[in-house]
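Each chain, letter by letter, is given below.
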Amino acid sequence: MSTERPVYEMLRAAAGRVSGHMPGHKGSAPFGPLNLYALDITELPHTDDLYSPEGALREAEVRYARAAGSAEALFLHNGSTAGNHVMLQLYARAGDTVLLPRNAHLSAVNGCVPVGAHVVWMPVTQQADGWCRVTEETALRCLREHPEAKALLLTRPDYFGACVPLERIVAAAHAQGTRVLVDEAHGAHLPWLEGIPSAGACGADAWVQSVHKTLPGLTGAAVLHLARAEDRPAAMRILRREQTSSPSFLLMLSIDDSRAWMEDGGRARLRAVVRATEEVRAQLPGLGYRDAHAAWRETGFALDPTRLVIDAPQGGHALAEALAREGVDVEMADQRRVVLILSAMDTPDTLRRVAEALGRIPPVRSELPPLPDVTALPEAAMEVRQAVLADWETVPFDRAAGRIAAQAAGLYPPGVPQVCPGEVIAEETARMLAQAGPRQRFGTEGEGMLCVKL
């Protein structure tokens, strides 16, 4: 009887397709194949210790900080989630005001729970095509209205590759003593990409990058950057609480190798990927599709040229399914578009295969449903920490209106919460979530919502 290895078989079946998604290594080791099991070693006298690095790990962090333009680089093996938690706990204390974008990653919300911070939400601006973003003007207004804020966190780039301009925000924040934190999970390649500076170059106090998203790192590999070296000891103390005491040397190897590979010609490789991506963008109209970035260029946001966002007449989910049948897997699809994440590990052949697949898919126009308005902020009845840690119960949608949410919930797209922990659930929100299918909503529990127990 043969030994069954279901996970291996699953991964083997998924390999070899066109990867328009993370991880950024795209199935290839940057310096050639490795026997990972032979290199999976623990802390020994002749290796190093992530939480007290003195040898190779410390040298690798110093080299990464130099490459990325930070004073300190802390290697992470729990993704940018750990970095968001550390940043918030580093600069905020119980009761302090923290400004969060409404479209923040869930890890930013969860990072405020151990702090006990008072969260002030920065609302999104929503375009007719559903793209939601926190604008420079909104961030500046929130800073003026909350001079007591200890920290402001922004997401840059967003999933679509859009980067809010930071310089004026950083200047205004620092003038009133507010720290600027940036979830730059999708921007680990920015230090080597021409034309879009990373958060550190714009003056941020701390920023986190997911090496596995846009560089050739293994999944979970990330780096927390600090603008001031004196913040490192406190950040390390927090990091020990947030991560396992048995970190993976393989992830740390992939972080160091990603940096080394990018320094050895990374800019040229990114230029080649950008050129190939621009060629596909130029072909889209002739194929019956449209470059989503074209409609956003007048917003003042920089747009990452390695992020291919395609408006789909038939709807994003339908196009993603058709591309999958052609052997092309995208990172994300919503009702109106698909998103492909490209990295320096991609080649012009990757983009050629994407264009050929699009050419075989008829762009049949479909009637797309209206998108929910997510710009309004619900009434807040509790602090985030209080609501998350309270006793909870699952309440059916038809009885959830008026209850206090115990977790963030909303529709996807656009992926922006319509209610966050501690907020009162509106009747319209409960109704829309009830009418949506399970794959269209997030933060719900079966056919109900997680609410603070009465």
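Residues numbered from 1 in each chain as written. Predicted model: local features only at pLDDT ≥ 70, side-chain atom pairs only at ≥ 80, totals over all residues. Heavy atoms only, no water.

Draft legend 1. Representation of the sheet that holds strand S18 (residues 392-396) in the model. The strand order across the open sheet built from three strands is S18-S22-S21, with neighbouring strands paired in antiparallel fashion. The outermost strands of the open sheet, each flanked by one partner alone, are S18 and strand S21 (444-445). Relative to strand S22 (residues 448-452), S18 runs antiparallel, the two being bridged by five bridges. For Thr394, the partnering residue across the bridge sits in S22 and is Leu450. (Pairing = 2+ DSSP bridges. Helix = DSSP H or I, 4+ residues; strand = E, 2+ residues; numbered from the N terminus.)

Draft legend 2. Quick look at a nonpolar patch on the surface. A cluster of nonpolar side chains, namely Val7, Met10 and Leu11, defines an oily patch on the protein surface of about 310 Å² accessible area. With respect to the helices and strands, the residue Val7 is situated in helix H1 (residues 6-14). The exposure class of Val7 is exposed, given its relative accessible area of 53%. (Patch = residues over 30% accessible without salt bridge, like charges linked within 9 Å, V, L, I, M, F, W, Y side chains within 5 Å. Areas by Shrake-Rupley, 256 points an atom, 1.4 Å probe, with all protein chains shown as cover. Salt bridge = Lys/Arg side-chain N within 4 Å of Asp/Glu carboxyl O. Buried < 20%, exposed > 50% of the residue type's maximum accessible area, 1.4 Å probe, protein only.)

Draft legend 3. A look at the packing of aromatic side chains. Under the defined criterion, the tally for this structure stands at five aromatic pairs. Taken together, a centroid distance of 6.4 Å and an interplanar angle of 85° make the contact between Tyr64 and Trp192 edge-to-face. Of this pair, Tyr64 sits in helix H3 (residues 56-68) while Trp192 sits in the loop between strand S9 (179-183) and strand S10 (206-210), placing them 128 residues apart in sequence. By the burial criterion, Tyr64 is buried, and Trp192 matches it. Their ring planes at 20° and their centres at 4.4 Å tell us that Trp131 and Trp296 sit as a pair that is stacked. One end of the pair, Trp131, is in the loop between strand S5 (125-126) and strand S6 (132-133); the other, Trp296, is in the loop between strand S12 (290-291) and strand S13 (302-303), and 165 residues separate them in sequence. Side by side, Trp131 and Trp296 carry an identical accessibility label, which is buried. One aromatic cluster in this structure is built from Trp131, Phe160, Trp296 and Phe301. Positioned over the ring face of Trp261 is Arg269, at 4.0 Å from the centre of the ring. Between the NZ or CZ atom of Arg337 and the centre of the ring of Phe160, over which it lies, the distance is 5.4 Å. (Phe/Tyr/Trp six-rings, centres within 6.5 Å; stacked < 30°, edge-to-face > 60°. Lys NZ or Arg CZ within 6 Å of the ring centre and 35° of its normal.)

Draft legend 4. Here's a closer look at the environment of Leu411. Its location among the elements puts Leu411 in strand S19 (residues 410-411). Leu411 sits 333 residues away from Asn78 along the chain, and the two C-alpha atoms are 26 Å apart. Apart from the residues within four sequence positions on either side, Leu411 is in contact with Pro372, Val416, Gln418, Met432, Leu433, Ala436, Gln440, Arg441 and Phe442. (Contact = heavy atoms within 4.5 Å.)

Draft legend 5. Representation of the pattern of salt bridges. A full pass over the atoms with the stated rule returns 31 salt bridges. Glu61 is the partner of Arg58 in a salt bridge, and the nearest nitrogen-oxygen pair spans 3.5 Å. Taken together, the residues span about one helical turn, with Arg58 and Glu61 both in helix H3 at a distance of three residues. One continuous salt-bridge network, built from bridges that share partners, spans Asp129, Arg290, Asp311, Asp334 and Arg337.

Draft legend 6. Structural context of the packing of helix H10 (residues 249-263) against helix H11 (residues 266-287). Their axes nearest at 6 Å, the elements H10 and H11 cross at an angle of 80°. When the interaxial angle is binned, H10 and H11 end up roughly perpendicular. Residues Trp261, Met262 and Glu263 of H10 form the contact with H11, whose participating residues are Gly266, Arg267, Arg269 and Leu270. (Axes fitted to C-alpha atoms, helices over the stretch in contact; angles between N-to-C directions. Parallel < 35°, antiparallel > 145°, perpendicular 65-115°, else oblique.)

Draft legend 7. Highlighting the nonpolar core. Counting residues in each nonpolar core, the largest one holds 63 residues, and the members touching the most others are Tyr64, Phe75, Leu100, Leu181, Leu224 and Leu226. Discounting chain neighbours no more than four positions away, the residues touching Leu181 are Met87, Leu88, Tyr91, Ala151, Leu152, Leu153, Leu154 and Ala206. (Core = buried A, V, L, I, M, F, W, Y, C linked by side-chain atoms within 4.5 Å.)

Draft legend 8. Spotlight on the side chain of Lys213. On the secondary structure map, Lys213 appears in helix H8 (residues 211-214). No salt bridge is formed by the buried Lys213; the nearest opposite charge belongs to Asp183, separated by 7.1 Å. With residues near it in sequence (within four places) discarded, Lys213 still touches Met22, Pro23, Gly24, Ala185, His186 and Ile341. (Lys, Arg positive; Asp, Glu negative; His and termini not counted.)

Draft legend 9. Expanded view of the pairing of strand S4 (residues 118-122). Counted residue by residue, S4 has four buried out of five residues, so it is predominantly covered. Where strand S3 (residues 97-101) meets S4, five bridges bridge the pair, whose relative direction is parallel. Note that in S4 the partner of Val98 across the bridge is Val119. Following the backbone out of S3, through helix H5 (residues 106-115) and into the adjacent parallel S4, one traces a crossover that is right-handed. (Right-handed = clockwise from strand over helix to strand, strands pointing away.)

Draft legend 10. Quick look at the sheet that holds strand S16 (residues 332-333). Strands sit in the order S12-S14-S17-S16 across an open sheet of four strands; the sheet is antiparallel. Only two strands of the sheet have a single partner each, and these edge strands are S12 and S16. Where S12 meets strand S14 (residues 307-311), two bridges bridge the pair, whose relative direction is antiparallel. Of the residues in S14, the one forming a bridge with Asp291 is Ile310. Most of the contacts of H11 go to S14, to which it runs at about 10°, and overall it touches S12 and S14.

Draft legend 11. Structural detail: the environment of Phe75. Secondary-structure assignment places Phe75 in strand S2 (residues 72-76). Measuring from C-alpha to C-alpha, the distance between Phe75 and Ala406 comes to 32 Å, with 331 residues separating the pair along the chain. Discounting residues that sit within four places of it in the chain, Phe75 has contacts with Leu50, Ala60, Glu61, Tyr64, Ala222, Val223, Leu239, Gln243, Met252 and Ile255.

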